[in-house]
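# Coordinates in review
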Amino acid sequence: MLSKMRRRTTLKFIPLLLSGGAGLSMINSVEAQGKSQHTWWKEAIVYQVFIRSFADSNGDGIGDFRGLLNRLDYLKNLGVTVLWLNPHYDSPNVDSGYDIRDYRKVNSDFGTMEDFEALMAGAHARDMKVIVDLVVNHTSDQHIWFQKSRSSRDNPYRDYYIWRDGKNGGLPNNYPSFFGGKAWQNDSKTGQYYLHYYERCQPDLNWDNPKVRQEVHDIMRFWIARGVSGFRMDVIPFISKPAGLRDLTIEELQDPSVVFANGPHLHTYLHEMNQKVLSPHNAMSVGEAFGVSYAQTPLFVSQQRKELDMIFHFDTARVGSKDWETRPWTLQELKETITEDDRSTGPDGWTTSFLENHDNPRAVSRFGDNSPASAKALSLLVMGRRGTVFIFQGQEIGMTNISFDKIEDFEDVNAKGIWADTVGRGTHSANAVLTELRQTSRDNARTPMQWNNTTTGGFTTGTPWFRLNPNTDRINVAAQKLDSSSVLSFYRQIISFRKSHPVLVYGTFQDIDPQNPNIFAFTRTLDNNQILIFINLTAQSQAWALPAEINLGKILLNTHMVKPMGRTLSLAPWQGCITAISS
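What counts as what
- Residues numbered from 1 in each chain as written.
- Predicted model: local features only at pLDDT ≥ 70, side-chain atom pairs only at ≥ 80, totals over all residues.
- Heavy atoms only, no water.
- Axes fitted to C-alpha atoms, helices over the stretch in contact; angles between N-to-C directions.
- Helix = DSSP H or I, 4+ residues; strand = E, 2+ residues; numbered from the N terminus.
- Left-handed = near helix turned anticlockwise from the far one by under 90°.
- Contact = heavy atoms within 4.5 Å.
- Nonpolar A, V, L, I, M, F, W, Y, C, P; charged D, E, K, R; others polar.
- Pairing = 2+ DSSP bridges.
- Phe/Tyr/Trp six-rings, centres within 6.5 Å; stacked < 30°, edge-to-face > 60°.
- Buried < 20%, exposed > 50% of the residue type's maximum accessible area, 1.4 Å probe, protein only.
- Lys NZ or Arg CZ within 6 Å of the ring centre and 35° of its normal.

Further remarks concern the packing of helix α6 (residues 210–224) against helix α8 (residues 266–278). Look at α6 against α8: their axes get within 10 Å of each other, and the N-to-C directions meet at 35 degrees. The chirality of how α6 crosses α8 is right-handed. Together, Arg213, Val216, His217, Met220, Arg221 and Ile224 of α6 and Tyr269, Glu272, Met273, Lys276, Val277 and Leu278 of α8 make up the contact between the two elements. A breakdown of the residues in the contact of α6 with α8 according to their chemical character gives 7 nonpolar, 1 polar and 4 charged.

Attention shifts here to the sheet that holds strand β6 (residues 163–164). The strand order across the open sheet built from 3 strands is β6-β8-β7, with neighbouring strands paired in antiparallel fashion. The sheet is open, and its two borders are formed by β6 and β7 (184–187), each paired with just one other strand.

With that settled, the discussion passes to the packing of aromatic side chains. All chains considered together, the criterion is met by 42 aromatic pairs. An angle of 75 degrees between the planes, with centres 5.9 Å apart, marks the rings of Phe65 and Phe110 as edge-to-face. One end of the pair, Phe65, is in helix α2 (residues 65–70); the other, Phe110, is in the loop between β4 (102–106) and α4 (113–125), with 45 residues separating them in the sequence. Accessibility classification places Phe65 together with Phe110 in one group, the buried group. Residues Tyr89 and Tyr103 carry aromatic rings whose centres are separated by 5.8 Å and whose planes lie at 70 degrees to one another, so their mutual orientation is edge-to-face. Of the two residues, Tyr89 sits in strand β3 (residues 89–90) while Tyr103 sits in strand β4, which places them 14 residues apart along the sequence. Both residues of the pair, Tyr89 and Tyr103, count as buried. Of the aromatic side chains, those joined through ring pairs into one cluster are Phe65, Tyr89, Tyr103, Phe110, Phe116, Trp145, Tyr157, Tyr160, Phe222 and Trp223. The ring of Trp40 is capped by Lys129, whose NZ or CZ atom sits 4.9 Å from the centre of that ring.

On to the pairing of β7, then. Across 4 bridges, β7 lies against strand β8 (residues 192–195) in antiparallel orientation. Residue Trp184 lies in a different strand from β8, and its bridge partner there is Leu195. From the end of β7 to the start of β8, which pair antiparallel, there are 4 residues, and Gly191 there has a positive phi angle of about 75 degrees.

What follows is the structure, encoded as structure tokens:
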């Protein structure tokens, strides 16, 4: 779930007392990683599937469970160990399934419960686990809970949501919605307003009601009983609402997510969830962490606190963007965010490594130049970092952003909300907003998967629900699967390499040339095993002088045929290497 009002929440690393648990302090990554315990989810290669756009089995133009089932061997051969499914629940689909009508039913567009169970069985037969989205900050306004809640002020379900009277003839407070407009909607039947941080059809749940929390726990158990191994938790820091629902200050309105992510009972509710559901089932948990600073990260991921396993920080994936607009950025800035992310976990926490998901544009268009070489370089960056690896569908073949000529080309409710808040109000020109949305829109990641070079890309035999990227004729799985020099082949190599080298999972991370404007060079160290990773993140050839204390050993993995040698290395555009370090 995208939060479009977003600023960097990087803080200096200062001692931080963690409430509700033992006192911990921010320490360097060497100490933190040395205490890491080996677990299956740290070693996972997670592949995120936006089901609607992955593979269609019945020709209706919409991806489905059976389509995904038919492609499991492809994912197994890629090296995937965990599938993450975007919302698979019954939904009106106003916000791509993030508006849930029934948590115990599957989306009929994707198939039946029997189809889902067949998918689970197929994944488990291939030794792959499955995690699903847990979307419990809000529901659809078509959910039976909300239908009952809005029926009268004294209905037993009234307190499942957040209802307030207006104030001084206006709204209850000045909260904005992340999808444009205000976060309060008047309901004529009872004359009160309900809170919705996102679309007005997505009313926020009242987590202060213990019955709501019990409902959520029961939903989680329902899917665990059907074989699910964990949850990616949508906007989970927002579940505890600010005390008193006071107005935000002018400064807070610049990034409301910081206030929304610091509700008074957040960590109590997460700990309760862990104790009642996650820990008893050894279920993996990863939280979407808008509004959470690096300094606050141990509050969520410290193993001592028993809340979440890891969280997604978006500062790295969104370097060079501010809300829905782009801005200039440097490689030094990218390196800084990666280092801060790595150090943020505290002495016993864990992090994530990713550059793409369903809420962000394609990394090869954002950080590369759409070339296969830049896609390989970026894969080395993702796979080389500490943290559980998350790959988004199509990333492994270098899928790119798509072109948008007019606002009608967009499917995303967020893009339409931005348009209404800007062009609709006369604050920005249509051309200026389109220029930015072409680069930042979530729709860039949601185009159908490109399986072959046919007109429908092998995604469907019918009419795709969303148009394919025209470059499917040259960027597709069929063209790459037998090509040893392809992006897909390199992903297979580097995933296999990571699995066979624990230093890439558990080793400490150290940026050894942080000021270099073109080269990202870092070491990974585990006990006596140390490797060097260096990547030319430019489209020009670069010379890089090895630091005096580093002696280049055997090249273990190389994106190019040319092998760099000597003390000053000549690197081709987008060339990256993993090498041993000799004594």
